[in-house]
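Given next are the chains, with one letter for each unit.
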Amino acid sequence: MALNLSRNSRLFISTVTAGFDSTNTWEVQMQDGFSFSQGIDSTEITVSEAGATPTRGAETFNSALQPADWAFTSYMRSYVDAGAATIQTTEAILWHALATNATPDFGLAGVPNARGQLDRFHVDFEDSDHHELAKIHLLFNVDNVWYRISDCQVNQADIDFSIDGIAMVAWSGQGTVLRDVTDTPSAHPDIITADIAGGTDPIAIQAVNRGLATSDGDGDSIVSEYLAVPASATYIKNKLSTLSLVGDSTTYAIAITGGNLSITNNITYITPETLSIVDTPIGSFSGARSMTGQLTCYLDTKDNGSSTLIRNLSNNLSTKNSYSMVLNLGGPTGPRVVFALPYAQLAVPVIEVADVLGLNIDFAAQGANGIDTAAAMNEITVEYYVS
């Protein structure tokens, strides 16, 4: 008997269930704490009758599989794709599935809502008004076993701005069915030790016959059935982060101490209710798109600092306000991710009493015209930079 250790787990994300290659299957390196499971709904039938010796039995029936839940966290990393001379990110497929229903294409002339450019990797949500967003399949290799969750939707991305950490995203969502595919080799990609040519050029990987490896020209084996994470992918230090906030005819100077941002699709899965069989989910629909978060900072008294912000917000009795917010996660230069919210709505900050007084500033990303204009889905853009 072999035990399976989570420390040896790997995750692969694909748009196909067979015929894997580096254009449709990607490895995403995840952190400890990942989870996946699928529950089942059951119905209990009971009997209640009068008399000296009543029947008191009960019988339980399985009725339907619940949607399979999954969650994991990955670092926000970017790299230079030397083959196409564009900036790419290791979690590109996840941003794509969160933001659009198009077929993935991360090249320079690819899907405009999630693609590499010469100086950045760009994500926006201007093509996210669809009942069904892009579906992906998650393949968890947990040591010696393989599990596949089919027809997954990315429901939520949570970004943590903790200044003592490394930039990361907590991804979560659901799929229709969780299956063990360990004994079906064609249902999961071969794992071959990844040694990318020069450490910077994953696009150079070519799909070959299943179970075989090719060479990078130096005699090193490279991956045949998925796009690996290059060693050159950068990490982002949250401590270097800066915030630009403009509103009320004021440019604020605020140094953040932490925060978070959640982007949610509010996905709902539907399942039939049929007698005598165990039903499975047949699909999903997206709900209201929500982009909310919180920033924390010290309460200071400098010009246009946090005390000026709380005073201006407290004096503003309008039902709506609009601030241009740009968060440079990782700093204004170097490896970073830039979140731009051109029309953020800010709540009046909450004062947190501690050794040093602080503020909690809740915000929500809004479109230029709120919910009135379908063409104004410009609540937020996300852009990765290598340098």
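Just so it is clear, the structure is predicted and the values come from calculations on it, not from any experiment. (Residues numbered from 1 in each chain as written. Predicted model: local features only at pLDDT ≥ 70, side-chain atom pairs only at ≥ 80, totals over all residues. Heavy atoms only, no water.)

**Here's the deal with the environment of R311**
- With respect to the helices, strands and loops of the structure, R311 is situated in helix α2 (residues 306-315).
- Residues R311 and V348, spaced 37 residues apart in sequence, show a C-alpha to C-alpha distance of 8.7 Å. (Helix = DSSP H or I, 4+ residues; strand = E, 2+ residues; numbered from the N terminus.)

**Description of the pattern of salt bridges**
- Considering all chains together, one arrives at seven salt bridges under this definition.
- In this structure, R10 engages E27 in a salt bridge whose closest nitrogen and oxygen atoms are separated by 2.9 Å. Of this pair, R10 sits in strand β1 (residues 9-14) while E27 sits in strand β2 (residues 25-28), placing them 17 residues apart in sequence.
- With its nearest N and O atoms 2.9 Å apart, the salt bridge here joins R120 to D119.
- The structure contains a network of salt bridges with shared partners spanning D119, R120 and E383. (Salt bridge = Lys/Arg side-chain N within 4 Å of Asp/Glu carboxyl O.)

**Brief notes about the packing of aromatic side chains**
- The final tally for this structure, using the stated rule, is 14 aromatic pairs.
- Relative to F36, the ring of F34 has its centre 6.4 Å away and its plane inclined at 10°; by these criteria the two rings are stacked.
- We classify F34 as buried; its relative accessible area is 17%.
- Judged by centre distance (5.7 Å) and plane angle (25°), the rings of W70 and F72 are stacked. Each member of the pair, W70 together with F72, is buried.
- Members of the aromatic cluster, each reached through a chain of ring pairs, are W26, F106, F121 and Y384. (Phe/Tyr/Trp six-rings, centres within 6.5 Å; stacked < 30°, edge-to-face > 60°. Buried < 20%, exposed > 50% of the residue type's maximum accessible area, 1.4 Å probe, protein only.)

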